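Listed below are the residues making up each chain.
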Amino acid sequence: LVRVLVSAQLLVTTFLAVLLWSLHARLRRQEFNRWWASAWTLYALFLGVGRLALAFPPGWGLAKGTVVLLATLLGFLVAPALVFGAICFRSRGTITRPVALAGLGAAVVLGALSFAASLLWAVPGLTSFAVRHGLRTSTVAFALLFCSWVFFERMRVTKSRAALLTGASCVLYAVTHLVYTGAFLVQLFGTTTTATASGVGRLAMLNSARLLSIDVVLTCGICLGMVLLLVEEYQRSARALVESVTHEREVAEENTALQSEIRSRQEVERQLRASEDRYRDLVEHSEELLCTHDLDGRILSCNPAPARVLGYSVAELLTMSVRDLLAPDRKHEFDDYMTAVRRDGVAEGVMEGVTRHGE
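Residues numbered from 1 in each chain as written. Predicted model: local features only at pLDDT ≥ 70, side-chain atom pairs only at ≥ 80, totals over all residues. Heavy atoms only, no water.

J.: Report on the overall build of the protein, specifying residues and quantitative values.
T.: Helices and strands together make up the secondary structure of the protein, namely 12 helices and two strands. Going from the N terminus to the C terminus, the protein shows its helices and strands as α-α-α-α-α-α-α-α-β-β-α-α-α-α. Within the protein, the proportion of its 359 residues that are buried is 37%. When the accessible surface of the protein is split by element, carbon and sulfur atoms take 64% of a total near 20600 Å². (Helix = DSSP H or I, 4+ residues; strand = E, 2+ residues; numbered from the N terminus. Buried < 20%, exposed > 50% of the residue type's maximum accessible area, 1.4 Å probe, protein only. Areas by Shrake-Rupley, 256 points an atom, 1.4 Å probe, with all protein chains shown as cover.)

J.: So what's going on with the pattern of salt bridges? Which residues, and what values?
T.: Within the structure shown, the criterion is met by 11 salt bridges. The salt bridge involving Glu-261 is made with Arg-265; its shortest N-O contact spans 2.8 Å. Placement of the pair is Glu-261 and Arg-265 together in helix α8 (residues 212-285), with a separation of four residues, close to one helical turn. A salt bridge links Glu-267 to Arg-270, with the shortest nitrogen-to-oxygen separation between them at 2.5 Å. Of this pair, Glu-267 and Arg-270 both sit in helix α8, three residues apart, which is roughly one turn of that helix. In this structure Glu-267 comes out as partly exposed when scored by relative accessible area, which is 32%. (Salt bridge = Lys/Arg side-chain N within 4 Å of Asp/Glu carboxyl O.)

J.: Break down a nonpolar patch on the surface for me, with residues and values.
T.: A surface patch of nonpolar side chains, about 330 Å² in accessible area, is lined by Val-109, Leu-110, Leu-113 and Leu-135. At three residues, helix α4 (residues 97-118) tops the list of elements feeding residues into the nonpolar patch. Position of Leu-113 among the secondary structure elements: in helix α4. (Patch = residues over 30% accessible without salt bridge, like charges linked within 9 Å, V, L, I, M, F, W, Y side chains within 5 Å.)

J.: So what's going on with helix α12 (residues 333-344)? Which residues, and what values?
T.: Over its 12 residues, α12 extends 16 Å from the first C-alpha to the last, a length consistent with the 16 Å expected when each residue adds 1.5 Å. Within the sequence span of α12, burial applies to Phe-334, Met-338 and Ala-340. The buried residues of α12 all sit within an arc of 155° when viewed along its axis, so they share a single face. Facing away from the buried side of α12, by more than 90 degrees, are the exposed residues Asp-336 and Arg-343. Buried residues along α12 sit against β1 (291-293) and α11 (322-325). Looking at the residues trailing α12, positive phi occurs at Gly-345, about 80°. (Expected span 1.5 Å × (residues − 1). Arc of directions from axis to C-beta. Contact = heavy atoms within 4.5 Å.)

J.: Now, about empty space enclosed by the protein: what can you tell me, with residues and values included?
T.: If you walk through the whole model with that rule in mind, you get two cavities of 30 Å³ or more. Its volume calculated, the second largest cavity comes out at about 30 Å³. Contributing to the lining of the second largest cavity are Trp-40, Tyr-43, Val-78, Leu-82, Val-140, Leu-144, Tyr-173 and His-177. Looking at the lining of the second largest cavity, the elements with two or more residues in it are α2 (31-53), α3 (62-91), α5 (126-158) and α6 (161-190). The residue inventory of the lining of the second largest cavity, partitioned by class, reads seven nonpolar, one polar and no charged. (1 Å grid on protein atoms, 1.4 Å probe; cavity = no way out; pocket = protein on both sides within 12 Å on 5 of 7 lines; lining within 4 Å. Points joined across faces, edges and corners; volume = space filled by probe spheres on them. Nonpolar A, V, L, I, M, F, W, Y, C, P; charged D, E, K, R; others polar.)

J.: Can you explain the packing of α2 against α3? Please cite residues and give values.
T.: Here α2 crosses α3 at 160°, and the two axes come no closer than 7 Å. Judged on the interaxial angle alone, α3 and α2 are roughly antiparallel. Crossing handedness for the pair α2 and α3: left-handed. (Axes fitted to C-alpha atoms, helices over the stretch in contact; angles between N-to-C directions. Parallel < 35°, antiparallel > 145°, perpendicular 65-115°, else oblique. Left-handed = near helix turned anticlockwise from the far one by under 90°.)

J.: Give me the lowdown on the packing of aromatic side chains, citing residues and values where you can.
T.: For the coordinates displayed, the defined rule picks out 10 aromatic pairs. A ring pair is formed by Trp-36 and Phe-151, whose centres lie 5.3 Å apart and whose planes are at 55°; its orientation type is tilted. With Trp-36 in helix α2 and Phe-151 in helix α5, the pair connects residues that are 115 residues apart, well separated along the chain. Using a relative accessible area of 0% as the deciding quantity, one classes Phe-151 as buried. (Phe/Tyr/Trp six-rings, centres within 6.5 Å; stacked < 30°, edge-to-face > 60°.)

J.: How would you summarise the nonpolar core if you had to cite specific residues and measurements?
T.: In a soluble, globular protein the nonpolar side chains are often hidden away together inside. Leu-20, Trp-40, Leu-82 and Phe-151 are the most contacted members of the largest nonpolar core, which totals 54 residues. Counting residues per element, the ones that place at least two in this core are α1 (2-26), α2, α3, α4, α5, α6 and α8. Sort the elements by how many residues they give to this core and α3 lands first, with 14 residues. Each residue touching Leu-20, except ones within four places of it in the same chain, is listed here: Asn-33, Trp-36, Ala-37, Trp-40, Met-226 and Leu-230. Grouped together as the second largest cluster of nonpolar side chains are 12 residues, Ile-299, Met-320, Val-322 and Met-338 included. (Core = buried A, V, L, I, M, F, W, Y, C linked by side-chain atoms within 4.5 Å.)

J.: Talk me through the packing of α3 against α4; I want residue IDs and the actual numbers.
T.: At a closest axis distance of 8 Å, the pairing of α3 and α4 adopts a crossing angle of 145°. Like other packed secondary-structure pairs, α3 and α4 cross with a definite hand, here right-handed. Contacts from Gly-65, Val-68, Leu-69, Thr-72, Leu-73, Phe-76, Leu-77, Pro-80 and Phe-84 in α3 reach Val-99, Ala-100, Gly-103, Leu-104, Ala-107, Val-108, Leu-110, Gly-111, Ala-112, Ser-114 and Phe-115 in α4. For the contact of α3 with α4, a count of residues per class yields 15 nonpolar, five polar and no charged.

J.: Let's hear about the confidence of the model for the protein: which residues, and what values?
T.: For the protein, mean pLDDT is 81; residues scoring 70 or higher make up 89% of the total. The model gives residues 192-198 a pLDDT under 50, and that stretch makes four contacts with residues more than four places away or in other chains. (pLDDT = per-residue confidence, 0-100.)

What follows is the structure, encoded as structure tokens:
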């Protein structure tokens, strides 16, 4: 029965690992999927090597010891790979190389210690088996519980049915592993007390082995859930990509409009500078009096030609008032001129002035 159920579970687990690696290669490569694919690949290898170990006769030998050691190490490596995948799925980050090596190294050490402890039993029977796999099933169970917590958290946030299915399957899978752990403990501690207790442990282990059929179903549930999760992640990434492309297009259009506006303003500024240059050229080379002053008569600007006629420099005129340049008998008319400007905005007439030398 164990051989048949292990073979069935091996088939389903291998299918899950191949499917995850295929999706990892074809869809957007996610760090969490790489760890999950690695975890189920290790579990498939553990089941395959373990199935091979069942074919050996009782008693220890070099070939059987090597196969059993390899199966034990592969089984312990599953837990950290599952945990690393859940961490990457939850935080969208990556597991650093030192952390990965530390976790996988710790799993190898625990596996080696479990195998070494199982060698204390001369015959590789149920007790030896319980020593090797009691700690393994418990670590895998806690890894599955951590994964289920991550999936339930995702379900709560996104209302994802795929996360609910995967999380529920992981919880039930963890429960079966805890049952295995309990049976191993009964077998282990029963052998150290009485023969009756040892028989109870043997019965517990044989009965717990029937849960392997449930493990096959739960593996199928995890397989379906993870595939749907990967599809959801791909769709989410595709939507994010479309939104990014749309935003980029909008930004490009806004940038094009802004560049066009900048060019228009630059053209206006160029024309304005050209107009100012023409005006400045006209004023500076005009022989007529062209000046500005404020409402108190202070001169604000003046062209060079009249300044030379009046005998002043432009800089000197900018320190003077229009009233200073009027003929003595015309100074009183300046107030009337400013009154007309304030009232009408314009004033016309002839201004009679004197030069620096009184002409």
